[in-house]
Amino acid sequence: MTAEQPSAADDRLQLEPTWKTALRAEFDKQYMRRLRTFLGKEKRARKAIYPPGNEIFRALDLTPLPDVKVVIIGQDPYHGPGQAHGLCFSVRSGVARPPSLINIFKEIELEYPQVESRLDTAGSCLESWARQGVLLLNAVLTVERGRAGSHQGRGWETFTDAVVEILNREREHLVFMLWGSYAQKKGAIVDRSRHCVLSAPHPSPLSAHRGFFGCNHFIQADEYLQQHGIEPINWIDVE
């Protein structure tokens, strides 16, 4: 998204239709206008911004609002070349798994030990999860190359707060996986009487051993979905 891109009121905006309708008002708010101006200046300064413009809303595009089953919240995109493609914790096929994703797969193997050999040969792209209904939402949707957190405080947090609020209000029986204090604060508005909220430390190597390993979130998510007549997620389906 750049300063020249249309607002949500403009039908040319490339965004999955159900999310475009739900978020239409956000694109015309002052914070989003400021964000478009900021991104336009960054582009004109020839700074490398990740992910590419057509993938900024990739998480929403792959997982329409009515199809969401699970919400996983990350912080901001990976800032290395060729990594970010719009889904939190995921990298493009063929790219080495970042440490947090390695630990996510380790936890899946702990919960489902029979699939260890299959995950060993799986890829690092989580688009198959997204297509099954896992919204892989970063709180901040863009970053400058080599500068982690460089686009924090520019307005994306307000936009993704609106995404969480819409999910909380308009859907029922979702599973929110909140890993780390940042995600837990962002998910604080979620109504625990309507949704399942699973909290654990972040899967980063700095904190995974403090309770992410052994959290059993993937099994708990599938059990909750099944209890409400919703098809569970095939967590082993990784590209």
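About the criteria used
Residues numbered from 1 in each chain as written. Predicted model: local features only at pLDDT ≥ 70, side-chain atom pairs only at ≥ 80, totals over all residues. Heavy atoms only, no water. Helix = DSSP H or I, 4+ residues; strand = E, 2+ residues; numbered from the N terminus. Polar contact = N/O pair within 3.5 Å; in protein donor to acceptor, adjacent residues only side chain to side chain. Contact = heavy atoms within 4.5 Å. Phe/Tyr/Trp six-rings, centres within 6.5 Å; stacked < 30°, edge-to-face > 60°. Buried < 20%, exposed > 50% of the residue type's maximum accessible area, 1.4 Å probe, protein only.

Q: I would appreciate a short explanation of the side chain of serine 150 in the present structure.
A: If you trace the backbone, serine 150 turns up in the loop between strand S4 (143-144) and helix H7 (156-170). At 2.9 Å, the side chain of serine 150 forms a polar contact with the backbone nitrogen of glutamate 144. If near-sequence neighbours (up to four positions away) are discounted, serine 150 is found in contact with Asp76, Val143 and Glu144.

Q: What exactly am I supposed to notice about the packing of aromatic side chains here?
A: Two descriptors summarise a pair of aromatic rings, namely the distance from one centre to the other and the angle between the planes of the rings. Applying the stated criterion across every chain, the model contains 12 aromatic pairs. Ring geometry for phenylalanine 27 against phenylalanine 57: centres 5.8 Å apart, planes inclined by 70°, an arrangement best described as edge-to-face. Of this pair, phenylalanine 27 sits in the loop between helix H1 (17-22) and helix H2 (30-44) while phenylalanine 57 sits in the loop between strand S1 (49-50) and helix H3 (58-62), and the two are 30 residues apart along the sequence. Each member of the pair, phenylalanine 27 as well as phenylalanine 57, carries the same accessibility label: buried. Seen in terms of ring centroids, phenylalanine 27 and phenylalanine 159 are 5.4 Å apart; in terms of plane orientation they differ by 70°. Their pairing is edge-to-face. Within this pair, whereas phenylalanine 27 is found in the loop between H1 and H2, its partner phenylalanine 159 is found in helix H7, the two being separated by 132 residues in sequence. Taken individually, phenylalanine 27 and phenylalanine 159 each receive the classification buried, so the pair is uniform in this respect.

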